[in-house]
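Each chain is listed here by its residues.
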Amino acid sequence: MAADAGVTAISKDDDVLNEARVWREDGRDVAIATVIRTWGSSPRPVGSHLAIDSGQNFVGSVSGGCIEGAVIHEAQEVIATGKPKILEYGVTNELAWEVGLACGGQVHVYVEKLD
Amino acid sequence: MKQQILKRVLADREAKRQFALVTRLETGEQSILYLDGADEGEVEIDSALRSTVEDAIRDDRSGTVAGAGGDMFVEVFNPPLRLLIVGAVHIAQPLARMASVAGYDVTVIDPRGSFATDDRFPGVTLVNEWPDEAMPPLDPDRRTAVVTLTHDPKIDDPALAAVLRSDAFYIGALGSRKTHAARVERLTESGFGADEIGRIHGPVGLSLGAVSPAEIAVSILAQVTRTLHDKERVAA
């Protein structure tokens, strides 16, 4: 919608892909993470995106904030090697220091480098 | 992902084409497959995979599927859902805004020029025509919801007549039970069958006890949302 409508369509994180393109054209090293499977009450639907650069800047989300830190960390390796990776996160024990989804869902995230 | 593929995805999305990005998860190879039949890229698309991907596009459902080359992630890109509002009345103002936030492309149709103005509907596509002329070119499809809000049979009835035989996933008409009963009678006299007339949600909206225009807009958008996802559950 036009900006002067005073509202923005936020149901799709479409701008994440565009941001990734802009970053790459600026010469930055970029990885794109995509939710490819979910089970149970995972917070973000299949097709949600997170774009990450080698300076650990990011836009978008693949969960409600539960696993972004870990995905950003893994993305650095994908940027370094150029090899895509599938990351799997499941239910976490909220008393443990592991990364996971407190909501009890499971999510698989595909991380690829933007060549 | 190759930059070239990403640029293509972004351009095709801008052009509102219906397509999917297919990623072979084992290797990272990718192809773009269009609903109109073309494809391009590195992934070999056999007829089984093509038909799976085409179904995914039609159902607007991204997901991981098994193909001859191993697991494939199919990311569907469809143009935004559309909401066609007939009647640039008070309720249409919050409804247009809320539907925009929910991701709909909103069009407001009203032949009365002083109602459908840019001042009252900033950023919304306005059509100053009678609905029987305005509807056919808009071609309501299975990703389109239609709501009539004028109460005026001169405007609402031709709109309903133009969409009752369309694929629109939702049709709603504002008006009390009494108004709706009269509307059903008129449409029956015009030759519409009970199945067709039964597609109309009337009185429109979920029963929330809504009073203000904004609250009524919430109840309408809630019903549109539920209908959309009911269809998805049936498709699954």
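Structure: see above.
In this text the structure is predicted, and so the values were computed from the model without any measurement. (Residues numbered from 1 in each chain as written. Chains lettered and ligands numbered in written order. Predicted model: local features only at pLDDT ≥ 70, side-chain atom pairs only at ≥ 80, totals over all residues. Heavy atoms only, no water.)

Enquirer: So what about the overall build of chain B? Which residues, and what values?
Expert: Counting its regular elements, chain B contains eight helices and 11 strands. For chain B, the C-alpha atoms occupy an extent of roughly 60 × 40 × 35 Å along the three principal directions. Looking at chain B as a whole, 46% of its 236 residues qualify as buried. Taking as baseline every contact in chain B between residues at least 6 positions apart, the subset at least 24 positions apart corresponds to 56%. Total accessible area computed for chain B in this model is approximately 10,900 Å², and 50% of it derives from carbon and sulfur atoms. Taken together, the 26 basic and 36 acidic charged side chains of chain B have centroids lying 4 Å from each other. (Helix = DSSP H or I, 4+ residues; strand = E, 2+ residues; numbered from the N terminus. Buried < 20%, exposed > 50% of the residue type's maximum accessible area, 1.4 Å probe, protein only. Contact = heavy atoms within 4.5 Å. Areas by Shrake-Rupley, 256 points an atom, 1.4 Å probe, with all protein chains shown as cover. Lys, Arg positive; Asp, Glu negative; His and termini not counted. Charge placed at Lys NZ, Arg CZ, Asp CG, Glu CD.)

Enquirer: Would you mind going over empty space enclosed by the protein in detail, with residue names and values included?
Expert: Tallied over the entire structure, the rule returns one cavity of 30 Å³ or more. Considering only enclosed or pocket space, the largest cavity measures out at about 50 Å³ in volume. Along the walls of the largest cavity sit Thr-34, His-49, Tyr-110 and Glu-112 of chain A together with Met-1, Leu-21, Thr-23, Gln-30, Phe-73 and Glu-75 of chain B, which together make up its complete lining. At the level of elements, β5 (106-113) of chain A together with β1 (19-24) and β5 (70-77) of chain B are the ones that each hand at least two residues to the lining of the largest cavity. Considering only residue class, the lining of the largest cavity consists of four nonpolar, four polar and two charged. (1 Å grid on protein atoms, 1.4 Å probe; cavity = no way out; pocket = protein on both sides within 12 Å on 5 of 7 lines; lining within 4 Å. Points joined across faces, edges and corners; volume = space filled by probe spheres on them. Nonpolar A, V, L, I, M, F, W, Y, C, P; charged D, E, K, R; others polar.)

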